[in-house]
Amino acid sequence: MNQTENKGITISFINDKGGVTKSTSSICLAVYLMSKGKRVAIVDADARHTCLDWAAMADQHGHDVPLVVAHDQTNVGSAMKMLANDYDYVICDGMSSFINAGRRDAIASIIKASDHVLIPTQPNAFDVWAIEAVAGMIKERQEITDGYPKAYIYGASVRDRTNEWRDFLQEVENAPFPILESYLPQSVDFPRSTGEGMTPLVLTESNRARQSVEAWGEEIMEQIRNG
């Protein structure tokens, strides 16, 4: 089990597609963990470096932020492992696309260094099929490491207050990994809050985006505890 080798637990967000909320998810999970008193670092491996920009904005407005380091080279996994010696959780905002060998090698490095991989997806069969390439890489790693990293699929930008996600869970077949019950809804509160260096977790307790992040974060932590 990878996490016994390091002090901290490594979690990566990976999907071959761009624009599927990997960066937003990384930020939200990091802040959720910090709200639980955990020491958190983010490795920003995405070419846009959204997490790094968010951290700069948060710092500018005086908000508490995790350590965020940019690293998009093929040895990004090494940076994750080093940080895991000093932090409770290391979150990697993974890159999108296998357009070249170097990018694919970097994603492989992230998978190798991860204890858990989270794959955001839209609630349709096409998006599940689209993760086939990265799922293959994860499964290859699992075959030689006693089933690690553990991998999960979760819903992102799901139309909230509808049956969309529930129906998807009932209808989807042959998903490569378990699908989380909770999801991140489609809401302006995500870009609005992160664009100001925050997350929906600063909003009122009755706010749906905040409730969703809390439920999603707790389910992820439950999966990790059950390892």
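Because the structure is a prediction, the values reported are computed rather than measured.

Q: Could you clarify how one ought to interpret the packing of helix H1 (residues 22-35) against helix H9 (residues 208-226) in this entry?
A: Helices that pack against each other are described as a pair by the angle of their axes relative to one another and the distance between those axes. One way to put it is that H1 packs onto H9 with a least axis distance of 10 Å and a crossing angle of 80 degrees. Put simply, H1 runs roughly perpendicular to H9. Contact with H1, carried on its side by Ser 25, Cys 28, Leu 29, Tyr 32 and Leu 33, involves Val 213, Glu 214, Trp 216, Gly 217, Glu 218, Ile 220 and Met 221 of H9 and no other residues of that element. Tallied by class, residues from the contact of H1 with H9 come to 8 nonpolar, 2 polar and 2 charged.

Q: How do you make sense of the sheet that holds strand S2 (residues 40-44) when you look at a structure like this?
A: The strand order across the open sheet built from 7 strands is S3-S2-S4-S1-S5-S6-S7, with neighbouring strands paired in parallel fashion. Each edge of the sheet is formed by a strand with only one pairing partner; in this case those strands are strand S3 (67-70) and strand S7 (179-185). If you compare each strand with its neighbour and ignore which way they point, the axes differ by 25 degrees on average. On top of the sheet, helix H3 (residues 76-83) reaches strand S1 (9-13), S2, S3 and strand S4 (89-93); it is set at about 170 degrees to S2, its chief contact.

Q: Help me understand the packing of H1 against helix H2 (residues 50-60) in this model?
A: Interhelical geometry of H1 versus H2 gives an angle of 50 degrees and a closest axis separation of 9 Å. By the angle between their directions, the pair H1 and H2 is classed as oblique. When the axes of H1 and H2 are compared, the crossing they make is right-handed. Here Ser 23, Ser 26, Ile 27 and Val 31 of H1 lie close against H2, whose contacting residues are Thr 50, Cys 51 and Trp 54. Tallied by class, the residues present in the contact of H1 with H2 amount to 4 nonpolar, 3 polar and no charged.

Q: Just checking my understanding: could you explain unusual backbone geometry for this structure?
A: A cis geometry characterises the amide bond from Tyr 148 onward to Pro 149, with omega recorded as 5 degrees. Relative to the elements of secondary structure, Pro 149 occurs in the loop between helix H6 (132-144) and strand S6 (150-158). With a phi angle near 55 degrees, Ser 157 is a residue other than glycine that sits in the positive phi range. Its place among the elements puts Ser 157 in strand S6.

Q: When you look at the pairing of strand S5 (residues 116-121) in this model, what are you seeing that I'm missing?
A: In terms of burial, S5 is a largely internal element, 6 of the 6 residues being buried. Neither face of S5 is left uncovered, since the one carrying His 116, Leu 118 and Pro 120 and the one carrying Val 117, Ile 119 and Thr 121 both have all their residues buried. As paired elements, S1 and S5 share 3 bridges and run parallel to each other. Within the sheet, the bridge partner assigned to Ser 12 lies in S5 and is Val 117. When S5 meets S6, the two strands line up parallel, connected through 6 bridges. Residue Thr 121 lies in a different strand from S6, and its bridge partner there is Gly 155.

Q: Just checking my understanding: could you explain the layout of surface pockets for this structure?
A: One way to see where empty space is left: roll a probe the size of a water molecule over the atoms. Taken as a whole, the largest pocket holds about 290 Å³ of empty space. Considering the residues around the largest pocket, the lining is formed by 15 residues, among which Gly 18, Gly 19, Val 20, Ser 23 and Arg 48 are closest to the centre. Tallied by class, residues from the lining of the largest pocket come to 3 nonpolar, 7 polar and 5 charged. In this structure, the second largest pocket spans a volume of roughly 150 Å³. Residue lining of the second largest pocket: Val 31, Met 34, Ser 35, Trp 54, His 63, Asp 64, Gly 197, Met 198, Thr 199 and Val 202, and that is the complete set. If you tally residues by element for the lining of the second largest pocket, the top one is H1, at 3 residues. Its residues assigned to classes, the lining of the second largest pocket comprises 5 nonpolar, 4 polar and 1 charged.

Here is what the cut-offs are and how they apply
- Residues numbered from 1 in each chain as written.
- Predicted model: local features only at pLDDT ≥ 70, side-chain atom pairs only at ≥ 80, totals over all residues.
- Heavy atoms only, no water.
- Axes fitted to C-alpha atoms, helices over the stretch in contact; angles between N-to-C directions.
- Helix = DSSP H or I, 4+ residues; strand = E, 2+ residues; numbered from the N terminus.
- Parallel < 35°, antiparallel > 145°, perpendicular 65-115°, else oblique.
- Contact = heavy atoms within 4.5 Å.
- Nonpolar A, V, L, I, M, F, W, Y, C, P; charged D, E, K, R; others polar.
- Pairing = 2+ DSSP bridges.
- Left-handed = near helix turned anticlockwise from the far one by under 90°.
- Buried < 20%, exposed > 50% of the residue type's maximum accessible area, 1.4 Å probe, protein only.
- 1 Å grid on protein atoms, 1.4 Å probe; cavity = no way out; pocket = protein on both sides within 12 Å on 5 of 7 lines; lining within 4 Å.
- Points joined across faces, edges and corners; volume = space filled by probe spheres on them.

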